Amino acid sequence: RVATTRWLALDLNGKMACTGKASTWRSSALMLLALCVSCDAFLSPLSLRPPTLPKRGGIADSARRATPVSKLRMGAEYDLLSGVDVVSVASGESMPVTKAWNKNGGKSLVVLLTHWGDLTCWEYAQKLRYSLPELQEKGVQVTLVGIGGQEAAKEFAESNGIPTTMLYTDSNAACAGALGLSPGFGRDTPQQPQANDASPYLRLLPMLLGVGSPGTLGRVIYGYFGDRSSNPKWIPEQLKRTQTGRFPYVDPATFDALGDGYLRPFELATVRLQNMISVLSRWEQLIPDNKDLIVQQGGTLVFDGEDCTYRYDDKGILVYAPLEEVLAAATA
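Residues numbered from 1 in each chain as written. Predicted model: local features only at pLDDT ≥ 70, side-chain atom pairs only at ≥ 80, totals over all residues. Heavy atoms only, no water.

Turning our eyes to something else, we now look at the pattern of salt bridges. Any two side chains of opposite charge can pair, so long as their charged atoms come close to each other. For the structure shown, the criterion picks out 9 salt bridges. Between Lys154 and Glu151 there is a salt bridge whose closest N-O contact spans 3.7 Å. On the criterion of helical spacing, the pair formed by Lys154 and Glu151 is a turn pair, its members being 3 residues apart in helix α6 (residues 150–160). In this structure Lys154 comes out as partly exposed when scored by relative accessible area, which is 37%. Where Glu155 meets Arg282, a salt bridge forms, and the shortest distance between an N and an O atom there is 2.8 Å. On the criterion of sequence distance, the pair formed by Glu155 in helix α6 and Arg282 in the loop between α11 (267–280) and α12 (283–286) is long-range, its members being 127 residues apart. Given a relative accessible area of 31%, Glu155 falls into the partly exposed group. (Salt bridge = Lys/Arg side-chain N within 4 Å of Asp/Glu carboxyl O. Helix = DSSP H or I, 4+ residues; strand = E, 2+ residues; numbered from the N terminus. Buried < 20%, exposed > 50% of the residue type's maximum accessible area, 1.4 Å probe, protein only.)

Quick look at the structure:
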């Protein structure tokens, strides 16, 4: 807790936060971000009865926006994205985003991530990294497109163990604009500036509390209480990857005292705390130049050739496509 207090008292460069409206809102938003995901920051003891949580792999109906295959117009998403250019992180080459994945035909999983410093982006990528062998064995092409610049993408790739060959940058969220993905609280469209002069950090604050970000608080709480109906194997793998023996970089076996074969209390919250520390320590390097885009949401699509067979539009922070659902669509 002492360490957490110190993090909250410092700005992202390790200096005391400066004055001014922009800095005040930025500091407030980042402080709330830290509060929402750091262990025992605001929750009561584990003996309390947990709230009703989504079923395994699920998200509350009010927070979902998955599109059934039968309701998709085949080729519509492909056509909408065909005129959008992205830049390969591995080669620096600019190309149509459809060329980035549609190389050999067959199934393609295309994830339009949020910006490179967003907690959703980090958590989702860590899940996908664990599932890459399964996807590759099935011949599924995986393409991840994030909002921001090349250097930020490389920092993200190194921190999360993601091959740069599958990463692409979309500096202005043009892909999100083409598909009409949620622009985040207080914005009209992904391609337009903020609707008013309020700081982007002022928009991030209510989203962290669930305003304009349906399902966010439920997903945060879920990480503390655990879920006996779920056994996300990516979490022990991620904890093992980062363990140093010092909190919060603990050995995954630390949670074995609570049993095994399910999502243990505080297990997911610990991963999120680690991600929060990594993000806050390099926030200015990871976020896009266009600060309006820090609230921009992403989406997930599965293509069979040029036909979109699955689509999920993120509704808020930490509210993204259920991994089991994505894998089922991609490997069917």
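The α-helix advances 3.6 residues per turn, and as a result positions three or four apart in sequence lie on the same side. Helix length check: helix α5 (residues 119–137) (19 residues) gives 28 Å between terminal C-alpha atoms against 27 Å at 1.5 Å per residue, within 8%. Within α5, the axis deviates most sharply at Ser131, by approximately 50°, and proline Pro133 lies no more than four positions further along. Taken across its 19 residues, α5 has 14 buried, putting it largely inside the fold. At the N-terminal end of α5, a side-chain oxygen is found 3.3 Å from the backbone nitrogen of Thr120, two or three residues along, and the residue is Asp118. (Expected span 1.5 Å × (residues − 1). Bend = angle between axes of the 7 residues up to and from the residue. Polar contact = N/O pair within 3.5 Å; in protein donor to acceptor, adjacent residues only side chain to side chain.)

Attention now goes to the packing of α5 against α11. Between α5 and α11, whose axes approach to 10 Å, the crossing angle comes to 125°. Considering their axes alone, α5 and α11 lie oblique with respect to each other. When the axes of α5 and α11 are compared, the crossing they make is right-handed. Residues Leu119, Trp122, Glu123 and Gln126 of α5 pack against Leu268, Val271, Arg272, Asn275, Met276, Ser278 and Val279 of α11. Class assignment for the residues of the contact of α5 with α11 results in 6 nonpolar, 3 polar and 2 charged. (Axes fitted to C-alpha atoms, helices over the stretch in contact; angles between N-to-C directions. Parallel < 35°, antiparallel > 145°, perpendicular 65-115°, else oblique. Left-handed = near helix turned anticlockwise from the far one by under 90°. Contact = heavy atoms within 4.5 Å. Nonpolar A, V, L, I, M, F, W, Y, C, P; charged D, E, K, R; others polar.)

The buried fraction of strand β5 (residues 141–147) amounts to 7 of the 7 residues, a majority that puts the element mostly inside the structure. Judged by which residues are buried, β5 turns out to be covered on both faces: Gln141, Thr143, Val145 and Ile147 on one side and Val142, Leu144 and Gly146 on the other are all buried. With 6 bridges connecting them, strand β4 (residues 107–115) and β5 associate as parallel partners. In the sheet register, Leu109 faces β5, and the bridge partner there is Val142. Handedness of the β-α-β unit built from β4, α5 and β5 comes out right-handed. This β-α-β element, β5 to α6 to strand β6 (residues 167–169), shows right-handed connectivity. (Pairing = 2+ DSSP bridges. Right-handed = clockwise from strand over helix to strand, strands pointing away.)

Time to look at empty space enclosed by the protein. As enumerated under the stated definition, the model contains 4 cavities of 30 Å³ or more in all. Volume-wise, the second largest cavity comes out at about 60 Å³. In terms of lining, the second largest cavity is formed by Leu112, Leu113, Val145, Gly146, Ile147, Asp170, Ala173, Cys175, Ala176, Leu181, Gln297 and Gly298. Going through the elements one at a time, β4, β5 and α7 (174–179) are the ones with two or more residues in the lining of the second largest cavity. Ranked by residues supplied to the lining of the second largest cavity, first place goes to β5 with 3 residues. Looking at side-chain class alone, the lining of the second largest cavity contains 8 nonpolar, 3 polar and 1 charged residues. (1 Å grid on protein atoms, 1.4 Å probe; cavity = no way out; pocket = protein on both sides within 12 Å on 5 of 7 lines; lining within 4 Å. Points joined across faces, edges and corners; volume = space filled by probe spheres on them.)

What follows concerns the environment of Thr169. Here Thr169 is to be found in strand β6. Judged by relative accessible area, which is 6%, Thr169 ranks as buried. Separated by 25 residues in sequence, Thr169 and Leu144 have C-alpha atoms that sit 8.6 Å apart. For Thr169, the contacting residues outside a window of four places in its chain are Val86, Val87, Val89, Trp116, Gly146, Gly148, Gly149, Gln150 and Ala153. A polar side-chain atom of Thr169 sits 2.8 Å from a polar atom in the side chain of Gln150.

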